[in-house]
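Overview (structure and organization)
Chain residues, written in single-letter form:
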Amino acid sequence: MAEKLVVEPDLGFIKEMAGLGGDTLKKCFQCATCSVVCPIAPETQPFPRKEMIAASWGLKDKLVGDMDIWLCHNCGDCTTMCPRGAKPGEVLGAIRSYAIQDYAAPKAVGKMVNNPKMLPILFLIPSILFLIVGFAYKAAGINWLNFSPGGEIIAHYKFFNTWLVDSIFVPTMLGMNLILAYGVYRFICDIHKNALAAGKVEDKPFDPKDLVTSLINVVVRIMRHDKFSECGENKERATAHMMVLFGFIGLFVVTGTVFIGLYVFGVHGPLSQINPLKWIGNIGGLMLIIGSLLMVKNRLTKTDQTSSYQDWYLIGMVFMLGFSGMLTQMTRLAGGEGVTYVVYFIHLQLVWMFIAFLPYTKIAHLVYRTAAMVYADYMGRGFK
Ligand code: SF4
Ligand code: SF4
């Protein structure tokens with residue numbers, strides 16, 4: 001007797017898909033054009049048609065633990081070619097947003113971060129945190145949060161001491177990494193289980209050497225933006241994405257070096273304007289601004305593709321980080337003592353928001369996509 005298949009759709013999931021930009025999925029009539037035109041889908045069990053079927057049935061567990069949704073680079077070719085306007089590229093993007101929230105704990109924070117109505121609260125959290133910590137030190141007789149500390153040079157550490165900044169940021173970074181690592185661990189377990197059950201991959205004994213090789217392959221692919229160049233519809237996204245990615249890498253290198261310089265070698269800022277680190281930081285900041293503006297332009301000109309709140313949150317955050325960082329420096333160089341401290345304070349809050357909420361936002365796609373690509377490469381999924 002044939003085995004009975006019981007499908008248990010999650011109706012809440014279908015509803016949430018609509019809110020995340022996947023409201024068109026019901027239009028799909030399973031023609032498979034999308035899977036044929038996708039330049040990345042593997043020949044065995046290609047995407048995104050099967051994901052469109054699973055999404056319209058509300059099969060949440062199958063989709064959030066599906067590595068294929070992360071192999072898609074949102075080029076938009078399938079959306080353009082879909083004869084029904086079902087926008088499969090956007091539906092996959094919505095599933096990815098859902099998966100990020102599903103794997104990040106606690107879920108209540110994810111819901112808050114991804115609710116546009118809660119945005120003012122998100123801004124308020126770091127403001128209150130920084131003020132409480134700053135005033136606690138001030139009450140203890142330490143002269144921080146002083147808008148005119150005086151002295152020959154204007155330096156942000158006089159207003160908000162670097163040690164104080166790091167005493168807030170280091171625990172935030174650690175907490176963020178733990179939440180992200182826990183989410184990625186559960187994600188890898190799920191995609192492995194689902195890929196074996198679906199016959200996409202065959203089980204094999206763990207080989208650390210192969211894993212390192214796959215990791216190197218994937219990092220090289222990401223750096224070169226290979227997949228973006230294969231896009232037919234959204235080729236220009238590569239420039240904007242590269243600028244933002246390399247901008248962040250540059251700023252990360254600068255922050256790490258300054259951190260080591262301060263705590264290991266006792267070198268305090270502000271750095272000279274001709275210091276190479278300053279150059280890298282300034283170029284990184286400009287790349288964030290230009291890259292995010294290009295992303296806005298690309299999204300506004302692609303009227304057949306949907307942009308969700310999660311997309312705008314990411315772009316807005318990247319722009320504000322770059323802009324507030326550059327403005328902090330420019331107001332300091334212009335000699336605006338009080339102004340530069342206010343701008344610096346705002347910049348710190350934006351950086352805190354970016355780091356603390358990272359596991360719940362689209363920014364986490366960098367980690368989930370890398371993990372899925374490494375897994376697919378290691379297990380021989382054969383994506384192009
Ligand atoms: S999403 Fe569009 S192209 Fe893909 S199977 Fe459905 S109707 Fe066809
Ligand atoms: S958006 Fe591009 S990469 Fe993603 S499924 Fe569609 S065609 Fe493939």
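Definitions and cut-offs
- Residues numbered from 1 in each chain as written.
- Chains lettered and ligands numbered in written order.
- Predicted model: local features only at pLDDT ≥ 70, side-chain atom pairs only at ≥ 80, totals over all residues.
- Heavy atoms only, no water.
- Domains from an automatic or database assignment.
- Contact = heavy atoms within 4.5 Å.
- Buried area = accessible area lost by both parts, 1.4 Å probe.
- Salt bridge = Lys/Arg side-chain N within 4 Å of Asp/Glu carboxyl O.
- Polar contact = N/O pair within 3.5 Å; in protein donor to acceptor, adjacent residues only side chain to side chain.
- Near = heavy atom within 4 Å.
- Helix = DSSP H or I, 4+ residues; strand = E, 2+ residues; numbered from the N terminus.
- Phe/Tyr/Trp six-rings, centres within 6.5 Å; stacked < 30°, edge-to-face > 60°.
- Buried < 20%, exposed > 50% of the residue type's maximum accessible area, 1.4 Å probe, protein only.
- Lys NZ or Arg CZ within 6 Å of the ring centre and 35° of its normal.
- Expected span 1.5 Å × (residues − 1).
- Core = buried A, V, L, I, M, F, W, Y, C linked by side-chain atoms within 4.5 Å.
- Axes fitted to C-alpha atoms, helices over the stretch in contact; angles between N-to-C directions.
- Left-handed = near helix turned anticlockwise from the far one by under 90°.
- Nonpolar A, V, L, I, M, F, W, Y, C, P; charged D, E, K, R; others polar.

Here we come to the domain arrangement of the chain. Looking at the assigned domains, one finds that the chain contains domain 1 (11-107) and domain 2 (109-379). Averaged C-alpha coordinates put domain 1 and domain 2 at centres separated by 27 Å. Across the contact, 36 residues belong to domain 1 and 42 residues belong to domain 2. When the two sides are added together, the surface that domain 1 and domain 2 hide from each other amounts to roughly 3,300 Å², 55% of it contributed by carbon and sulfur. Our count for the contact surface shared by domain 1 and domain 2 stands at three salt bridges. Linking Asp68 and Lys200 is a salt bridge whose minimum nitrogen-to-oxygen distance equals 3.2 Å. In this assembly, domain 1 and domain 2 are joined by 15 residue pairs in polar contact (both at pLDDT 80 or more).

What follows concerns the site of ligand 1. Around ligand 1 lies a shell of 14 residues, among which Cys28, Cys31, Ala32, Cys34 and Cys82 are the nearest. Listed by contribution, the elements that provide at least two residues to the shell around ligand 1 are helix H2 (33-37) and helix H3 (49-56).

On to the site of ligand 2. Lining the immediate environment of ligand 2, one finds 14 residues, of which Cys38, Cys72, Cys75, Gly76 and Cys78 sit closest. If you list the elements that add at least two residues to the shell around ligand 2, you get helix H6 (77-81) and helix H7 (88-103).

In this fold, His365 is placed in helix H18 (residues 365-379). A polar atom in the side chain of His365 sits 2.5 Å from the backbone oxygen of Lys362. Excluding residues that lie within four positions of it along the chain, His365 makes contacts with Trp70, Ile100, His241 and Thr370.

As a further point, take the packing of aromatic side chains. Overall, the coordinates contain 14 aromatic pairs when judged by the stated rule. Ring geometry for Tyr103 against Phe187: centres 5.6 Å apart, planes inclined by 75°, an arrangement best described as edge-to-face. Here Tyr103, found in helix H7, pairs with Phe187, found in helix H11 (residues 162-198); they are 84 residues apart in sequence, far enough to count as distant. In this pair, the class of Tyr103 matches that of Phe187, namely buried. Ring plane angle 55° and centroid distance 6.3 Å describe the contact between Tyr309 and Tyr313, whose orientation is recorded as tilted. Of this pair, Tyr309 and Tyr313 are both found in helix H16 (residues 309-333), four residues apart, which corresponds to roughly one turn of the helix. Connected via pairs of aromatic rings, a cluster forms that spans Trp70, Tyr103, Phe187 and Tyr368. The aromatic ring of Tyr378 is capped on one face by Lys204, whose charged end is 4.0 Å from the ring centroid.

An α-helical segment advances 3.6 residues per turn. Residues three or four places apart therefore align on the same side. End to end, H16 covers 36 Å across 25 residues, agreeing with the expected 36 Å (1.5 Å per residue, within 8%). Phi for Gly335, located one or two positions after H16, is positive at around 85°.

Inspection of the secondary structure assignment puts Gly58 in the loop between H3 and helix H4 (60-64). For the pair Gly58 and Leu11, spaced 47 residues apart in sequence, the C-alpha separation works out to 6.0 Å.

Let's shift gears to the nonpolar core. Formed by 88 residues in total, the largest nonpolar core has its most connected members in Phe160 and Tyr368. In this structure, this core is formed jointly by two domains, domain 1 (11-107) and domain 2 (109-379), each of which donates at least three residues. Residues within four places of Phe160 in sequence aside, it is in contact with Phe130, Leu145, Val165, Ile168, Tyr344, Phe345 and Leu348.

What follows covers unusual backbone geometry. Look at the link from Phe47 to Pro48: it is a cis peptide, with omega at 10°. Inspection of the secondary structure puts Pro48 in the loop between H2 and H3. In this model, Ala105 is joined to Pro106 through a cis peptide bond whose omega is -10°. In this structure, Lys87 takes a positive phi of about 50° despite not being glycine. Relative to the helices and strands, Lys87 resides in the loop between H6 and H7.

With that out of the way, let us pick up the packing of helix H9 (residues 119-139) against helix H17 (residues 337-356). H17 packs onto H9 with a crossing angle of 115° between their chain directions and a minimal axis gap of 9 Å. By crossing handedness, the relation of H9 to H17 is classed as right-handed. Judged by residue contacts, Leu122, Phe123, Ile125, Pro126, Ser127, Leu129, Phe130 and Leu131 of H9 engage Phe345, Leu348, Gln349, Leu350, Trp352 and Met353 from H17. Classifying every residue of the contact of H9 with H17 by side-chain character gives twelve nonpolar, two polar and no charged.

Further remarks concern the pattern of salt bridges. The full count for this structure, using the stated rule, is ten salt bridges. A salt bridge links Lys50 to Glu51; the shortest N-O distance between them is 2.7 Å. By relative accessible area, Glu51 is classed as buried at 1%. Because the salt bridges share partners, they merge into one network encompassing Lys50, Glu51, Asp66, Asp68, Lys200 and Arg381.

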